[in-house]
Every structure is written in C-alpha cells, then in structure tokens.
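Geometric and topological summary
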Amino acid sequence: MGCFGCIIKSFLCTAVLASAAVIAWRFGPWYDDGSPDAPPDLQALNACTGCCNGLRSNCDLPVNEATFAMVHNAHSSKEDLLLEGALVAGYRGLMLDSCICDGSLGEKVNNFLKGQETGENYLGFCHVSCDAGVRDPTKVFANIKTFLEVNPNEVLIIEFEVRDSSLSQLHAAIDDSGLDDHIYRSTSDDSQSWPTLQELIDADTRLLLFAHGDGMKSCSQIRCPEGIFYTFDHFQETEWDDVRTCRLNGENNEVWAKGDGFFLMNHWKNNEKTELPSKSNAEEINTFEELTYRFGECEGRVPNVVSVDFWGVGDVLEFVREANLRNAGFSEEALAEARSQSQGD
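These notes cover the structure that comes with them.

Cut-off values and rules
Residues numbered from 1 in each chain as written. Predicted model: local features only at pLDDT ≥ 70, side-chain atom pairs only at ≥ 80, totals over all residues. Heavy atoms only, no water. Helix = DSSP H or I, 4+ residues; strand = E, 2+ residues; numbered from the N terminus. Buried < 20%, exposed > 50% of the residue type's maximum accessible area, 1.4 Å probe, protein only. Contact = heavy atoms within 4.5 Å. Areas by Shrake-Rupley, 256 points an atom, 1.4 Å probe, with all protein chains shown as cover. Expected span 1.5 Å × (residues − 1). Core = buried A, V, L, I, M, F, W, Y, C linked by side-chain atoms within 4.5 Å. Disulfide = S-S within 2.5 Å. Patch = residues over 30% accessible without salt bridge, like charges linked within 9 Å, V, L, I, M, F, W, Y side chains within 5 Å. Salt bridge = Lys/Arg side-chain N within 4 Å of Asp/Glu carboxyl O. Lys, Arg positive; Asp, Glu negative; His and termini not counted. Charge placed at Lys NZ, Arg CZ, Asp CG, Glu CD. Arc of directions from axis to C-beta. Axes fitted to C-alpha atoms, helices over the stretch in contact; angles between N-to-C directions. Parallel < 35°, antiparallel > 145°, perpendicular 65-115°, else oblique. Left-handed = near helix turned anticlockwise from the far one by under 90°. Nonpolar A, V, L, I, M, F, W, Y, C, P; charged D, E, K, R; others polar. Phe/Tyr/Trp six-rings, centres within 6.5 Å; stacked < 30°, edge-to-face > 60°.

**Description of the overall build of the chain**
If you tally the helices and strands in the chain, you get 12 helices and 9 strands. Each of the 345 residues in the chain was classed as buried or not, and the buried ones make up 49%. Relative to all contacts within the chain whose residues are 6 or more apart in sequence, the contacts with residues 24 or more apart total 71%. When the accessible surface of the chain is totalled, it reaches about 16,900 Å², and 51% of it is carbon and sulfur.

Have a look at this one:
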C-alpha cells in the first residue's frame, strides 16, 4: 500500500497542477482561445483627414511633446478586443513583456487545449510566467502592422520589458514581422532633435520602439539592437503603484531634468492584498478628475505618456485629447468649448 499510495499521491498532485493550469489559462488575463481578436481592418475610431493621432493640432508637436495614452502590460488585457482594441479606441502606446516559454506543464496543457504545438523555448508576451497564458508575438506584430497600414496618420510607441534573455529572439521576431519599414531610427546623436508627428508620418516611420531589461544598458555604452532605443536613455518615469504624487522612480533623473525625452506617468495601482491588477482601482483613478489632479502634482514638467490598467475604464482618452490640445497652445476658453462640443457629440 505504501508504494501504491505514493503513486496515487503523485497522480493527484499532477492532476491538481494540471487543473490549476487550465483554470489559469481559461480565466487568467492572457487567455487566448485562438479566435479572432481584432476586426479585419483595425480602423482607428478617432482617425480624421489631415490629423496626427486624432488631432490636426498634434501634427507640429515633436513626438516627445505630444501626449500618448499607453496600455500597461498590454498583452494581459482582457477587454473585448485585447490590445488591438485599445489601438482602435485611441491608445497609442503599448507596454509588452517578452519572455521565453520553456514547455512547462502549464504551457503544455494550454497548448494542448488550443490545439497548438509550440515546443519549448519559444518567444512569447507574458507577465512573469508563461504558465498563466501567453500572447503570440507573431500574431501581435501582424495586427500592429495591419493597424499602421490601415491608419497612415497614427504614430505608436511600444516599450518592451525584456525577460528570460529573450532580446535576440524579440529582435528577430520584429525583423520577421515586416514592421521594419515603419520603425523610426534616429539619424542624429542629438537626443534633443525628436521629429514632429507630421515628420514621422511623412517618412512613414511611425513606430518608436524602446526596451529595457535582459542586461541592456545605455546605447552610448553598448551596441543596441537596430531600431530599438534603450528606454532609460530617453525615458523618466514616476514611481509604480503611486497614483497621487509625481515622485520619480529611480535615481537617474537626467532625462527628466533636461526635458529632451519622454516623461512616463505610471497611473495604475494593484490590489494591495493580491498584488494583481485591480479593476476597482482603475475605476477610481482612470477618471478625468484624478488624472487632472495627478498632472497638477508634477512641477517643472508635465508627463507626456500615461500608462494605465484596464484601458476601457474611465476617461483616459478624453483626458489625453485635452492634454494634447493644451500642448498645442489652446486657451482654457477654447478647451472648455472643445470639451462642451465633445460632450454634445
């Protein structure tokens, strides 16, 4: 009975782990059942003739002076159309975590249920572990490419957090995706000379790629992959899980002080007990009023990238639209009139 009992315990343990993997796959934030997750044309809802990212007044703004709405951990979005739906709605920034899936039990169960044979050590977009589910970079990049081709007046920013020594495979996936022609590459060592949105549109280099992690350092110290900027050469950010102040994250504040890069506001707050994304928190903080208050806490420089969880919740896009009108020099009276017209539509 002792040996038999061990066998039974081993079987039960395996069954429990497999069941947990199924539950995580089906109900986890990265659930992908293989069904179409994007409309065939990916037409942006806010596109207009002569506009740049939805507004004519954006066109003359340097890209680091325009305001971008960004989806935090975009690969884990559970909105109806996943991250592709965020692009259609008006978000122009995505945060994606690259990882290497190693063929664990949870992954094998997921792939079996989806009828996929992906093997081991393949690239994915996931958060910490592939066991909870993963987005296929080939599919994601193909949809981003379609979005850019369908919407020729839209400029996108993608910020990668590179995990599991996946940088070389990520770069290869970008090369294979056909996105290469749309990627902006700096023609100058002068980081203060960012092009305007209209210049990016005219050149059809409307995709800006940044990455950190995987041992990456400043591109002034190492050779960065072609077409990918090191994030912290050009970005400063606020602290994580802080939605009330404008305190900076980290000690390197040079980019923020010089004002020649991008200033990212992390405007998301996890559940304090589970440390998982919280929709109820998003409902509280993704409002016009809360965003206005938070921006008002920033002295010296206003953020121009706003990263949020649960992109379909709140007034983020309305707030970013007004921020861009303000960036273009609209008076408070003109902003009030534009707000009134928007509410009447």
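Okay, back to it.
**Description of helix H11 (residues 316-327)**
Its 12 residues place the ends of H11 16 Å apart at the C-alpha level, agreeing with the 16 Å of an ideal helix rising 1.5 Å per residue. Three or more residues of H11 are buried, namely Val316, Phe319, Val320, Glu322, Ala323, Asn324 and Leu325. Of the residues one or two after H11, glycine 329 is the one with positive phi, at around 95°.

**What to know about the nonpolar core**
If you look at the biggest cluster of nonpolar residues, it comprises 51 residues, and the most contacted ones within it are Phe141, Ile144 and Phe160. Counting residues per element, this core draws most heavily on helix H4 (residues 137-150), which supplies 5 residues. Once residues within four sequence positions are removed from consideration, isoleucine 144 is found in contact with Leu87, Leu94, Leu156, Ile158 and Leu179. Residues Cys52, Val155, Ile157 and Trp194 belong to the second largest nonpolar core, which totals 22 residues.

**Structural notes on the state of the cysteines**
Simply put, disulfide is the name for a covalent bond between the sulfur atoms of two cysteines. Evaluated as defined, the whole model comprises 6 disulfides. In this model, cysteine 52 is linked to cysteine 59 through a disulfide, with the two sulfur atoms separated by 2.1 Å. Across the S-S bond linking cysteine 52 and cysteine 59, the dihedral sits near 105°, which makes this disulfide right-handed. Here the two residues cysteine 52 and cysteine 59 agree in accessibility, since each one is buried. Across a sulfur-sulfur distance of 2.0 Å, cysteine 246 and cysteine 298 are joined as a disulfide pair. Taking the sign of the S-S torsion, 90° for the link of cysteine 246 and cysteine 298, the bridge is right-handed. One end of the pair, cysteine 246, is in the loop between strand S7 (235-237) and helix H8 (254-258); the other, cysteine 298, is in the loop between helix H10 (288-296) and strand S9 (305-308), with 52 residues separating them in the sequence.

**A short note on the environment of tryptophan 240**
Within the secondary structure layout, tryptophan 240 lies in the loop between S7 and H8. A relative accessible area of 56% places tryptophan 240 in the exposed class. Sequence separation of tryptophan 240 and asparagine 270 is 30 residues, and the distance between their C-alpha atoms is 9.4 Å. Not counting the four nearest positions on each side in its chain, tryptophan 240 is found in contact with Asn249, Asn266 and Trp268.

**Examining a negative patch on the surface**
A grouping of Asp102, Glu120, Asp131, Asp164 and Asp214 is seen on the molecular surface, where their side chains present a negatively charged patch. Mapped onto the elements, glutamate 120 comes out in the loop between helix H3 (105-114) and strand S3 (122-125).

**Comments concerning H10**
Of the positions making up H10, those classed as buried are Phe288, Leu291, Arg294 and Phe295. All buried residues of H10 fall inside an arc of 130° around its axis, so they share one side. In H10, those exposed residues whose orientation departs by more than 90 degrees from the buried face are Glu289 and Gly296.

**Thoughts on the packing of helix H2 (residues 82-89) against H4**
Where H2 meets H4, the axes come as close as 10 Å, and the angle between the chain directions of the two elements is 15°. Taken together, the axes of H2 and H4 are roughly parallel relative to one another. The two elements H2 and H4 meet at a crossing, and its hand is right-handed. Within the contact between the two elements, H2 uses Leu83, Glu84, Leu87 and Val88 and H4 uses Val140, Asn143, Ile144 and Phe147. Split into classes, the residues belonging to the contact of H2 with H4 amount to 6 nonpolar, 1 polar and 1 charged.

**Here we look at the environment of phenylalanine 232**
With respect to the secondary-structure elements, phenylalanine 232 resides in helix H7 (residues 231-234). Judged by relative accessible area, phenylalanine 232 falls into the partly exposed class, the value being 27%. C-alpha of phenylalanine 232 to C-alpha of histidine 212: the two residues are 20 residues apart in sequence and 7.5 Å apart in space.

**Some thoughts on the packing of aromatic side chains**
The relation between two aromatic rings is expressed through the spacing of the ring centres and the mutual angle of the planes. Here the structure, examined in full by the defined rule, presents 16 aromatic pairs. Here phenylalanine 288 and phenylalanine 319 contribute two aromatic rings whose centre-to-centre distance is 5.5 Å and whose plane-to-plane angle is 75°, an arrangement assigned as edge-to-face. With a gap of 31 residues between them, phenylalanine 288 in helix H10 and phenylalanine 319 in helix H11 connect regions that are remote in the sequence. Chaining the aromatic ring pairs together yields one cluster made of Tyr184, Trp194, Phe210, Phe229, Phe235 and Phe262.

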